[in-house]
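Secondary and tertiary structure notes
Listed below, chain by chain, are the residues.
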Amino acid sequence: MKHILTIIASFILLSGLSGCLGNGDWEKYETWRIENNKWYESMVNLHDADGNPYFKQLSPSWNQSSGVLIHYFNDRSLTAGNLSPLMTSTVDVKYLGRLYNNQAFDSSYLNTADYGDSIYRTQPYLNIEGWQIALNDMHVGDSAEVVIPYTQGYGAAGTTRIPPYTALKFYIKLVGIPAYEIAPDMIGK
């Protein structure tokens, strides 16, 4: 019993010390974080030639403290009557993903699938929160530029191609919704 208490006490002490020493990734990516945050803020403050905000800020009802920036390239009045996906809908999307410094990191245009070249078929809930937010606002036929802060992207973990604390920019076209799922709370209404 005394041995177990010693191990627990040592674990607590080491955990406390590692917290005091700081997060290596946080410090390692300090310059990257600062550059990404500055770029994101510049996108928030970007205006068109008429002085209007270039991006619309979207915050979902399920997480009001989160959000993304979105700029539609198409006339949304022409797509307003089209379907908008649910989280469980199957969607066909074309996209190009870039880092804040405009370096491409992913693209559906490299895909060849039996359901269509350049199509990424997915369900919104299977993607990063930033995509969930954007797709929830889009209608079939919409094309948009979406800017996602790292907190709604890949966070502090990053991926093999995306460093931690990275703000992302996507060009997304919602091509179709081959399977529109009915929300469970809508059944029987």
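Look up: the structure comes first, before these words.
Structural notes, computed from the coordinates. Computed from a predicted model, the values in this text were never measured in an experiment.

Another aspect to go through is the overall build of the protein chain. Helix and strand counts for the protein chain come out as four helices and seven strands. Counting from the amino terminus, helix and strand elements in the protein chain follow one another as α-α-α-β-β-β-β-β-α-β-β. When contacts within the protein chain are restricted to residue pairs at least 6 apart in sequence, those whose partners lie at least 24 apart make up 71%. On the protein chain, roughly 11,100 Å² of surface is accessible, and the fraction owed to carbon and sulfur atoms is 56%.

Another aspect to go through is the nonpolar core. Counting residues in hydrophobic clusters, the biggest one holds 36 residues, and the most contacted among them are Trp 131 and Phe 170. Of all the secondary-structure elements, those providing two or more residues to this core are α3 (30-44), β2 (68-72), β3 (90-99), α4 (129-137), β6 (143-148) and β7 (168-179). Take this core: its biggest share by element is five residues, from β7. With residues up to four places along the chain from it excluded, the contact list for Trp 131 reads Val 93, Tyr 95, Tyr 120, Ile 148, Phe 170 and Ile 172.

Moving on to the pattern of salt bridges. Any two side chains of opposite charge can pair, so long as their charged atoms come close to each other. Summed over the entire model, instances satisfying the criterion amount to five salt bridges. In this structure, Asp 137 and Lys 56 form a salt bridge, with 3.7 Å as the shortest nitrogen-oxygen distance. Highlighted residues: Asp 137 in helix α4 and Lys 56 in strand β1 (residues 56-58), separated in sequence by 81 residues. A relative accessible area of 40% places Lys 56 in the partly exposed class. Note that Arg 76 is salt-bridged to Asp 137, the shortest N-O span being 3.6 Å. With Arg 76 in the loop between β2 and β3 and Asp 137 in helix α4, the pair connects residues that are 61 residues apart, well separated along the chain. Taking relative accessible area as the criterion, Arg 76 reaches 23% and is therefore assigned partly exposed.

This paragraph deals with the pairing of β3. Most of β3 is tucked away: seven of the 10 residues are buried. Two elements, β3 and β7, share nine bridges in a ladder whose sense is antiparallel. Note on β7: the bridge partner recorded for Arg 98 is Lys 169. Bridging between β3 and strand β5 (residues 120-122) involves three bridges; their strand directions are antiparallel. Its bridge partner being in β5, Asp 92 is matched across the sheet by Arg 121. Where β3 lies against strand β4 (residues 104-107), three bridges are found, and the strand directions are antiparallel. Each bridged residue has a counterpart across the sheet, and for Leu 96 the counterpart in β4 is Ser 107.

Here the largest pocket defines a volume of roughly 160 Å³. What lines the largest pocket is simply Tyr 95, Phe 105, Asp 106, Tyr 120, Asn 127, Ile 128, Trp 131, Tyr 154, Thr 159, Arg 161, Ile 162 and Phe 170.

Mapped onto the fold, Asp 48 is located in the loop between α3 and β1. In this structure Asp 48 comes out as partly exposed when scored by relative accessible area, which is 31%. At a separation of 2.9 Å, a polar atom in the side chain of Asp 48 contacts the main-chain amide nitrogen of Asp 50.

Cut-offs used in this document
- Residues numbered from 1 in each chain as written.
- Predicted model: local features only at pLDDT ≥ 70, side-chain atom pairs only at ≥ 80, totals over all residues.
- Heavy atoms only, no water.
- Helix = DSSP H or I, 4+ residues; strand = E, 2+ residues; numbered from the N terminus.
- Contact = heavy atoms within 4.5 Å.
- Areas by Shrake-Rupley, 256 points an atom, 1.4 Å probe, with all protein chains shown as cover.
- Core = buried A, V, L, I, M, F, W, Y, C linked by side-chain atoms within 4.5 Å.
- Buried < 20%, exposed > 50% of the residue type's maximum accessible area, 1.4 Å probe, protein only.
- Salt bridge = Lys/Arg side-chain N within 4 Å of Asp/Glu carboxyl O.
- Pairing = 2+ DSSP bridges.
- 1 Å grid on protein atoms, 1.4 Å probe; cavity = no way out; pocket = protein on both sides within 12 Å on 5 of 7 lines; lining within 4 Å.
- Points joined across faces, edges and corners; volume = space filled by probe spheres on them.
- Polar contact = N/O pair within 3.5 Å; in protein donor to acceptor, adjacent residues only side chain to side chain.

Taken by themselves, the reported measurements are silent on function.
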